Protein chains: 2
Amino acid sequence: MDPNLLRSYANVLLSAVNLQRGQCVLVRGEPVHLPFIGILAEEAYVRGARYVRYDTAESENPRLYKARVERSLEEYLDYAPRALYDPYGSILDEDWAMIVLHAPEDPDFLAALDPDRNARCVRSAARAMQPHRRRIVSGNEIAWLVAFLPTEGMASRILGLPPGPEAVEELWRILVPILRLDRPDPAAAWGEHCRDLAARAERLTALGLESLRFRGPGTDLTVGLPEGAIWLGGPERTAKGRLFFPNIPTEEVFTSPHLRRAEGRAAFTRPVLVPSVGKTVEGGWIEFRDGRAVGWGAGSGKEVLDTLLSMDEGARSLGEVALVDGSSPIFASGKTFHNILFDENAACHIALGSAFPGCLRGAEGRPEEDLPGLGLNVSMVHTDFMIGGPEVDVTGTGRDGREIRVMTGGRFEV
Amino acid sequence: MDPNLLRSYANVLLSAVNLQRGQCVLVRGEPVHLPFIGILAEEAYVRGARYVRYDTAESENPRLYKARVERSLEEYLDYAPRALYDPYGSILDEDWAMIVLHAPEDPDFLAALDPDRNARCVRSAARAMQPHRRRIVSGNEIAWLVAFLPTEGMASRILGLPPGPEAVEELWRILVPILRLDRPDPAAAWGEHCRDLAARAERLTALGLESLRFRGPGTDLTVGLPEGAIWLGGPERTAKGRLFFPNIPTEEVFTSPHLRRAEGRAAFTRPVLVPSVGKTVEGGWIEFRDGRAVGWGAGSGKEVLDTLLSMDEGARSLGEVALVDGSSPIFASGKTFHNILFDENAACHIALGSAFPGCLRGAEGRPEEDLPGLGLNVSMVHTDFMIGGPEVDVTGTGRDGREIRVMTGGRFEV
């Protein structure tokens, strides 16, 4: 790979977390990403980082995770060692920046594991991570970022080419415009784009919608929004007030719907590779009543939905609804990336699982047990399903009963 | 590589730490070792391990360590983050087993770094690790093991071949007998060998020597032993009383000399690659007076000694004296391994730096500040220098003044 391109991308990521002089950085990702992480570390130190630490979440070390799921005694599959999760305490206390590279070396490795044994490990890891995850992802106590990085396996899957360096080169060619690495100053281009998303989110918040309705082939879903719903998009702010971008790429504006007010049926418009299960759902649909999934199915991969929806109580209700314009360069690429960072930014989507307290006035900083009372879902999972596209229209209803056209033919009208 | 050989070696290592059902394992080593660590994890889970965790010490992640030493702002080089060292607290509390694979992907990478900046990072890491290191390595609170694993870089260095899989294959051929992997039951062979070493250590302890004198070309060194000195070799015992072997391979019996009673000059009989500096000392010597190094030199690499001996106060006094018989298969191989695990087990040696409280009656479990008063050295470093060989004789003096021939022509007489 062109080292200048990698260096440029590293700088986009460091700008996204708004790295400060004297700050430490945690980089997570699979060992296959270490050559890039080395470049990222160099750039971080040049910017004045105090320390760059590499670590893996459990399933980010595929060899060891596979060994565990395949060979561990049954009785230890629910175990999560303190030594893995305790460090997040000091990482939060010391205001580190956290960058998670989300791209498996082998996109099929999780799918090859026993689903029940994998689910037990996923659940125990999610439970152990939950208090930290809440402070990081929901509470924005520190700057965090989830970003993609091509691997041979992913490039082969996305492009249908044999795995190898050529597939990676070809994938980078597609990614360069999506990641805005073709701009004279990519970090500045991301800054400008994120300000545009933030402006749209502000307009949507100002509308004070009571509900959103998605209509298209196989879809007629009405999602209720709690009073005081806040739309977000682009930059967020840490507890200390520093701006950061939690996802690269990002094309969405989103909020958290009312957990007891989803009605109707949503058909998925794109395949979804569920990360913790490693398998793809194609042609899927979910039917909601009083906010809860009461039926679901799929052309293939229904068992993935079965596993996911039984992870915990909150896995059956919505935590997010997001709108993506058809002008998204990810949508424009015409590719399915089998990676949520891209696919969720190609189309409108809903997510089963945890809601964002930052998306409801007065909810941020409240203890978790208060959230359901405010209409916000709590769960250890959060999984996106794309339901938007050129054939799906979105209308809103204001608190005064007025209808508002939000999206028509996959394009924003607000 | 032959996967059966790797699996057999993995089982030797798991037997060495005496892995128990329900125990967790920390495996440390460079990312290049992950294929082997995957096999080790499989075998650990088959034996009933509760969890296998992979992590790196700072310099075990060469790309990130290099980025730091080369690019960090000056003011942050002494920083050691809690997130790296805190986990050892729960690892110790929960009685994990710890396996450190000690074999760099690139044996020259540390040597290419700025020595002063590297020394600052080494010192800060050693200082942060010190309380844990003391509980692990000195206190044996948990079972720990340092073991070698061939890399292309190390194989090339040892054999003088171009780096590549062929060099690794060739190195394994040399290692198979040294690692006793040619025996029908390698783990049992190590058990038997270690019992022999323990019996020799017991005989030496029973002699109650007051001092040891090494005489050979360039060497006339007398090392005083404190009253109550205990010789160790082969298995050790954890705080919970479980046997384990801290090194694979191991051919030595050793004790800790009196920190103020070394007199004379010792010439190194083999090159020493000082791990934290990554450079080799050849033709080195040290002169001691009242236990302290007062002069030193080398045919090449004197600056390595300069760096090492100024690490802290204790780096100038002895913490270990060890005897190795000429029948050692490592010595018999005729190779210099540029790796202390092998080279220290090829010849008698002394170590500058920290002593072992387990080598003195009544010292174990005493607070660190008491140790110098008992004659035991305290330091954050511990570096071995080989001073034995076929031309070096070792005599002992008993507390009654009697002379005892300990080794003649490189062979034990006790």
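In this convention, every chain numbers its residues from 1, walking through the sequence in written order. Following the order in which they are written, the chains are lettered starting with A and the ligands numbered starting with 1. With pLDDT at 70 or above as the cut-off, local features in this predicted model cover only qualifying residues; side-chain atom pairs require 80 or more to be listed or tallied, and sums for whole chains, interfaces and linings still use all residues. Note: side-chain values were computed over all heavy atoms of the structure, leaving out hydrogens and water.

A. Molecular detail of the overall build of chain A. What counts as a helix is a DSSP run of H or I of at least four residues, what counts as a strand is a run of E of at least two, and both are numbered from the N terminus. Within chain A, the regular secondary structure consists of 13 helices and 22 strands. All radius of gyration figures rest on C-alpha atoms, and the globule criterion is 2.2 Å times the number of residues raised to 0.38. Computed over C-alpha atoms, the radius of gyration of chain A comes to 20 Å, within 12% of the 22 Å expected from 2.2 N^0.38 for 414 residues, which places it in the range of a compact globule. Taking the principal axes of its C-alpha atoms as reference, chain A extends roughly 55 × 55 × 45 Å. The buried label goes to any residue with under 20% of its type's maximum accessible area, the exposed label to any with over 50%, and the partly exposed label to all in between, with areas taken from a 1.4 Å probe on protein chains only. For chain A, buried positions account for 62% of its 414 residues.

B. Here's a closer look at the environment of A:Tyr85. All names here are of chain A. Relative to the assigned elements, Tyr85 resides in helix α4 (residues 82–85). A sequence separation of 240 residues divides Tyr85 from Asp325, and the C-alpha atoms of the two residues are 38 Å apart. With residues near it in sequence (within four places) discarded, Tyr85 still touches Ala80, Ala125, Ala128, Met129 and His132. Every residue pair with non-hydrogen atoms within 4.5 Å of one another is taken to be in contact.

C. Fine view of the pattern of salt bridges. All names here are of chain A. By definition, a salt bridge exists where a carboxyl oxygen of Asp or Glu is found within 4 Å of a side-chain nitrogen of Lys or Arg. Applying the stated criterion across every chain yields a total of 62 salt bridges over all chains. A salt bridge links Glu60 to Arg28, with the nearest nitrogen and oxygen atoms 3.0 Å apart. Remark: Arg28 occurs in strand β1 (residues 24–28) and Glu60 occurs in the loop between β2 (51–55) and α3 (62–71); sequence separation between them is 32 residues. Across the pair, exposure class does not vary: Glu60 and Arg28 are buried alike.

D. Seen up close, α3(A). Where α3(A) is concerned, the buried positions are A:Pro62, A:Leu64, A:Tyr65, A:Ala67, A:Arg68 and A:Val69. On its buried side, α3(A) packs onto α6 (115–138) of chain A together with α2 (34–46) and β2 (51–55) of chain B.

E. Main features of the nonpolar core. In this structure, A:Ile248 and B:Ile248 are the most contacted members of the largest nonpolar core, which totals 154 residues. If near-sequence neighbours (up to four positions away) are discounted, B:Ile248 is found in contact with B:Tyr9, B:Val12, B:Leu13, B:Ala16, B:Leu145, B:Val146, B:Ala147, B:Phe148, B:Leu179, B:Trp190 and B:Leu341. Within this scheme, the nonpolar core is defined by two criteria: the residues are buried Ala, Val, Leu, Ile, Met, Phe, Trp, Tyr or Cys, and they are joined through side-chain atoms within 4.5 Å.

F. Representation of the packing of aromatic side chains in the model. By convention, a stacked pair of Phe, Tyr or Trp rings (six-membered ring in the case of Trp) has centres within 6.5 Å and planes under 30 degrees apart, an edge-to-face pair has planes over 60 apart, and any other such pair is tilted. All told, the structure shown has 18 aromatic pairs over all chains when counted by the stated rule. For the pair A:Phe254 and A:Phe356, a centre-to-centre distance of 5.2 Å together with 65° between the ring planes defines the contact as edge-to-face. Residue A:Phe254 is found in strand β11 (residues 252–255), and its partner A:Phe356 is found in the loop between β18 (349–353) and α13 (371–374); the two are separated by 102 residues along the sequence. Comparing A:Phe254 with A:Phe356, the two get one shared label, buried. Following the ring pairs from residue to residue traces out a cluster consisting of A:Tyr9, A:Phe36 and A:Trp172. The lysine or arginine in question, A:Arg180, covers the ring of A:Trp190, its NZ or CZ lying 4.6 Å from the ring centre. Put simply, a charge is over a ring when the Lys NZ or the Arg CZ is close to the ring centre, within 6 Å, and near the line of the ring normal, within 35 degrees. Note that B:Arg200 overlies the ring of B:Phe412, its terminal NZ or CZ placed 3.9 Å from the centroid.

G. Focus on the relation of the copies chain A and chain B. Least squares is used to superpose the copies, and the fit set is the C-alpha atoms of residues whose pLDDT is at least 70 in both copies. Superposition of chain A onto chain B requires a rotation of 180° combined with a translation of 0.0 Å along the rotation axis, giving an RMSD of 0.0 Å. Given the turn and translation reported, the copies of this chain are related as if by a two-fold rotation axis. Here 100% of the interface residues in chain A have copies in chain B that are interface residues too; the copies meet face to matching face.

H. Spotlight on the pairing of strand β5 (residues 209–216) of chain B. Residues and elements named next belong to chain B. Between any two strands, at least two bridges found by DSSP are needed for them to pair. Pairing of β5 with strand β20 (residues 393–398) involves six bridges; the strand directions are antiparallel. Bridge pairing in β20 links Arg215 to Asp393. Taken together, β5 and the strand that follows it, strand β6 (residues 219–224), pair antiparallel across an intervening segment of two residues, in which Gly218 is found at a positive phi of about 80°.

I. Region of the structure containing the pairing of strand β3 (residues 97–101) of chain A. All names here are of chain A. Among the five residues that make up β3, five are buried, leaving the element largely enclosed by the rest of the structure. Along β3, one buried face is formed by Ala97, Ile99 and Leu101 and the opposite face, lined by Met98 and Val100, is buried too. Looking at chain direction, β1 and β3 are connected through four bridges and run parallel. Across the sheet, residue Leu26 finds its bridge partner in β3, namely Met98. For β3 and strand β4 (residues 144–147), the ladder comprises four bridges, and the chain directions are parallel. Bridge assignment links Leu101 to a residue of β4, and that residue is Ala147. A clockwise path from the first strand over the helix to the second, with the strands pointing away from the viewer, defines a right-handed crossover. Note on the crossover from β3 through α6 to β4: the handedness is right-handed.

J. Expanded view of the sheet that holds β2(A). Taken together, the five strands give an open sheet; going across it, the order is β2-β1-β3-β4-β10 (chain A), and neighbouring strands pair in parallel fashion. In this open sheet, the two strands that pair with only one neighbour each are β2 and β10 (247–248) of chain A.

K. Spatial organisation of the interface of chain A and chain B. Counting residues at the interface gives 44 residues for chain A and 44 residues for chain B. A combined buried area of about 4,100 Å² lies between chain A and chain B, and 61% of that area is made up of carbon and sulfur atoms. Note on definitions: buried area is the accessible-area loss of two parts on being combined, 1.4 Å probe, summed for both. Three residues, A:Tyr51, A:Leu64 and A:Tyr76, lead the burial of chain A against chain B; their summed loss comes to 16% of the area buried on that side. At the boundary of chain A with chain B, the tally comes to eight salt bridges. N or O atoms closer than or at 3.5 Å make up a polar contact, with two conditions inside protein: a donor-capable atom paired with an acceptor-capable one, and, for residues adjacent in sequence, both atoms drawn from side chains. On inspection of chain A and its partner chain B, the count reaches 12 residue pairs in polar contact (both at pLDDT 80 or more). Elements with a minimum of two residues in the side of chain A that touches chain B: α2 (34–46), β2, α3, α4 and α5 (87–93) of chain A. Looking at the side of chain A that touches chain B, the element that brings in the most residues is α2(A), giving eight residues.

L. Examining the side chain of B:Asp343 more closely. Relative to the helices and strands, B:Asp343 is located in helix α12 (residues 340–343). With residues near it in sequence (within four places) discarded, B:Asp343 still touches B:Arg270, B:Lys335, B:Thr336, B:Phe337, B:His338 and B:Met386.

M. Seen up close, the domain arrangement of chain A. Residue and element names in this part refer to chain A. Start and end points for every domain follow an automatic or database-based domain assignment. Segmenting chain A into domains produces domain 1 (3–149) and domain 2 (199–232 + 251–412). Summarising the inter-unit geometry, the C-alpha centres of domain 1 and domain 2 are found 25 Å apart. Taken together, the contact between domain 1 and domain 2 spans 20 residues of the former and 23 residues of the latter. Carbon and sulfur atoms supply 57% of the area buried between domain 1 and domain 2, which totals about 1,800 Å² over both sides. Taken as a group, His102, Arg134 and Phe148 account for 27% of the area that domain 1 buries against domain 2, more than any other trio of residues on that side. Taken together, domain 1 and domain 2 are joined by five residue pairs in polar contact (both at pLDDT 80 or more). Broken down by secondary-structure element, the contributors of at least two residues to the side of domain 1 that touches domain 2 are α6 and β4. In terms of residues, the side of domain 1 that touches domain 2 owes the most to one element, α6, which gives 11 residues. Under this grouping Gly is polar, as are all residues other than the nonpolar Ala, Val, Leu, Ile, Met, Phe, Trp, Tyr, Cys and Pro and the charged Asp, Glu, Lys and Arg. Of the residues in the side of domain 1 that touches domain 2, the class split is 11 nonpolar, five polar and four charged.

N. Seen up close, the sheet that holds strand β7 (residues 232–233) of chain B. Residues and elements named next belong to chain B. Pairing is antiparallel across the open sheet formed by five strands, whose spatial order is β7-β11-β17-β18-β19. The open sheet terminates on both sides in strands that have one partner only, identified here as β7 and β19 (382–386). Examined bridge by bridge, strand β11 (residues 252–255) and strand β17 (residues 318–324) share four bridges and lie antiparallel to one another. Following the sheet pairing, Val253 is matched in β17 by Leu323.

O. Just the side chain of A:Arg117, in detail. Residues and elements named next belong to chain A. Here Arg117 lies in helix α6. Within polar-contact distance, the side chain of Arg117 engages the backbone oxygen of Ser72 at 2.7 Å. Setting aside residues up to four positions removed in sequence, Arg117 forms contacts with Arg68, Val69, Glu70, Arg71, Ser72, Glu74 and Leu77.

P. Highlighting the state of the cysteines. Put simply, a disulfide is two cysteine sulfurs that come within 2.5 Å. Taken as a whole and assessed by the stated rule, the structure comprises zero disulfides over all chains. For the unlinked cysteine A:Cys121, the closest cysteine sulfur is that of B:Cys24, found at 13 Å. Of all cysteine sulfurs in the structure, the one in B:Cys194 sits closest to B:Cys359, which takes part in no disulfide; the separation is 15 Å.

Q. Layout of the confidence of the model for chain A. The predictor attaches a confidence to each residue, and that confidence, scored 0 to 100, is pLDDT. Across chain A, pLDDT averages 94, with 100% of residues at or above 70. Both scores are available for the predicted complex, with the pTM at 0.89 and the ipTM at 0.88.

R. Representation of a negative patch on the surface. Residues and elements named next belong to chain A. Within the patch definition used here, like charges are joined within 9 Å and nonpolar side chains (Val, Leu, Ile, Met, Phe, Trp, Tyr) within 5 Å, considering only residues with over 30% relative accessible area and no salt bridge. For the accessible areas, the method is Shrake-Rupley and the probe is 1.4 Å, while residue cover comes only from the protein chains on display. Under the counting rule used here, the positive set is Lys and Arg, the negative set is Asp and Glu, and His together with the chain ends is not counted. Charge positions are represented by NZ for Lys, CZ for Arg, CG for Asp and CD for Glu. A grouping of Asp2, Glu105, Asp106, Glu152, Glu166 and Glu169 is seen on the molecular surface, where their side chains present a negatively charged patch. With respect to the helices and strands, the residue Glu152 is situated in helix α7 (residues 152–159). Relative accessible area serves as the criterion here: at 38%, Glu152 is assigned to the partly exposed category.

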